[in-house]
Amino acid sequence: MNREEAIKQFNAEQQQRLQEYRILFQKNLEKKLPVFIERFLFVFKELRIRLPENQEVTYIYFSILRCDILNRDYRVLVECMGKEWFQDPNTVSLYMTMDFLFEGIDELWDDLLEAVRPYMGKIIQYDIYNMICDMVMECGGYIAEIIRTVSWNIEENNDFCQIKKALAWSLLWGEYRGDTVIICHADYEKKTRRDWDTLFTQLERKPAVMANGYWYQAGLESCSCSDKNFSYTTFHECILENMNFCNSNLYGARFINCTIRDCQFHKADLRMAKFIDCSWENVTFEQADTTYSVFSKKGIPVEEFSEEQWEYMLLAE
């Protein structure tokens, strides 16, 4: 058996043990979620205090460092940067500990080191370290989904509001200078139909090009958006008229203070979507998946939803 075959066999043998830890982490995350959210929001208080008064922020980057994992230290580096990104000489940094979420991972590490003994000479400690790093990054993905939900209303957070931000800003989560996801972002530069069309024409080559978009004060009408990916896209103070979102992926999308007229959401994926302070006229939601979607009570088109849809929808004041 060569080294490549040994690593493949060892990984297969440890899948059950790894799955046990995944389940343990998810349960621990659910149990300690209030503590984590409190620490996450406290970061913005610390940044507000540390940032110079007139320093404009474009990126707030939460990153997991592999070098910390090597020392069995499970924490996140938080960097507050301007438009220069990593080249910003005035970056403000701090750490957020996550050790309390990773209970049991050191035991997993030790178990893997013990289990690898029969493979000595073919599998080394570095391979076990890589397995642990991959597990931490995977668990970081679970955390990212939680933060994404928490950050929906981040602009209502007093500390975050007091941080001076560029017109376009982003909160990001991921591996340090590695794979990164956008947790929350805004772009308060007014968008036009031309901006929309420029991206829309790229959908055939780049199916996810419209996902995570931010459309501010855009007037959009007469567009067939069926079967497209608009997950986590924000429509803010937009006028949407005669837009066909049938069968589209609008998971986690946000419609804030929009006028929505003659639009169709037939069979659209609206799970976790938010419709806040919108006005409606002749809109259909037939067979749309509205699980855990949020609608403002005022003006909601009650008659357009079935009893089944109402069962899992949430209403906001």
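Right above here is the structure, for reference.
What counts and how
- Residues numbered from 1 in each chain as written.
- Predicted model: local features only at pLDDT ≥ 70, side-chain atom pairs only at ≥ 80, totals over all residues.
- Heavy atoms only, no water.
- Pairing = 2+ DSSP bridges.
- Helix = DSSP H or I, 4+ residues; strand = E, 2+ residues; numbered from the N terminus.
- Axes fitted to C-alpha atoms, helices over the stretch in contact; angles between N-to-C directions.
- Core = buried A, V, L, I, M, F, W, Y, C linked by side-chain atoms within 4.5 Å.
- Buried < 20%, exposed > 50% of the residue type's maximum accessible area, 1.4 Å probe, protein only.
- Contact = heavy atoms within 4.5 Å.
- Polar contact = N/O pair within 3.5 Å; in protein donor to acceptor, adjacent residues only side chain to side chain.
- Phe/Tyr/Trp six-rings, centres within 6.5 Å; stacked < 30°, edge-to-face > 60°.
- Lys NZ or Arg CZ within 6 Å of the ring centre and 35° of its normal.

Draft legend 1. Quick look at the sheet that holds strand 1 (residues 57-64). Taking strand neighbours across the sheet as the criterion, the five strands line up as 3-2-1-4-5 in an open arrangement whose pairing is mixed. Of all strands in the sheet, those bounded by a partner on one side alone are strand 3 (92-97) and strand 5 (180-187). Shown here is a sheet whose adjacent strand axes are inclined to one another by a mean of 15°, direction ignored. Direction of pairing for strand 1 relative to strand 2 (residues 75-81): antiparallel, over a ladder of six bridges. Looking across to strand 2, one finds that Ser-63 is bridged to Leu-77.

Draft legend 2. View of the pairing of strand 9 (residues 239-244). In terms of strand pairing, strand 7 (residues 219-224) meets strand 9 through five bridges, oriented parallel. Of the residues in strand 9, the one forming a bridge with Glu-221 is Glu-241.

Draft legend 3. Broad picture of the nonpolar core. Grouped together as the largest cluster of nonpolar side chains are 58 residues, with contacts concentrated most on Leu-47, Phe-102 and Trp-173. It is helix 6 (residues 125-150) that contributes the most residues to this core, twelve residues altogether. Apart from the residues within four sequence positions on either side, Phe-102 is in contact with Tyr-21, Phe-25, Asn-28, Tyr-74, Val-136, Cys-139 and Ile-143.

Draft legend 4. Structural context of the sheet that holds strand 13 (residues 279-281). Read from one edge to the other, the open sheet built from four strands follows the order 7-9-11-13, with strand pairing classed as parallel. Two strands in the sheet have a free side with no partner beyond their single neighbour: strand 7 and strand 13. The sheet shows a mean angle of 15° between the axes of neighbouring strands, taken without regard to direction. Taken strand by strand, helix 8 (residues 193-200) contacts strand 7 and strand 9, and its axis lies near 35° from that of strand 7.

Draft legend 5. Fine view of the side chain of Asp-187. Note on placement: Asp-187 falls in strand 5. Residue classification places Asp-187 among the buried residues on the basis of a relative accessible area of 18%. Engagement of the side chain of Asp-187 in a polar contact is seen with the backbone nitrogen of Glu-189, the distance being 3.2 Å. Separated by 3.0 Å, the side chains of Asp-187 and Lys-191 make a polar contact.

Draft legend 6. Focus on the packing of aromatic side chains. The tally for this structure, following the rule as stated, stands at 42 aromatic pairs. Aromatic pair Tyr-188 and Tyr-214: ring centres 5.9 Å apart, planes at 70°, arrangement edge-to-face. Linking Tyr-188 in the loop between strand 5 and helix 8 with Tyr-214 in strand 6 (residues 214-216), this pair joins segments that are 26 residues apart in sequence. Looking at Tyr-188, the relative accessible area reads 24%, which means it is partly exposed. Look at Phe-275 and Phe-285: their rings are 6.1 Å apart centre to centre, the planes differ by 90°, and that puts the pair in the edge-to-face class. Of this pair, Phe-275 sits in strand 12 (residues 274-276) while Phe-285 sits in the loop between strand 13 and strand 14 (294-296), placing them ten residues apart in sequence. Across this residue pair, the class does not change: Phe-275 and Phe-285 are buried. The ring of Trp-109 has Arg-72 sitting right over it, with the charged end atom 4.4 Å from the ring centre. For Arg-148, the ring lying beneath its charged end belongs to Tyr-232, and the centroid distance is 3.8 Å.

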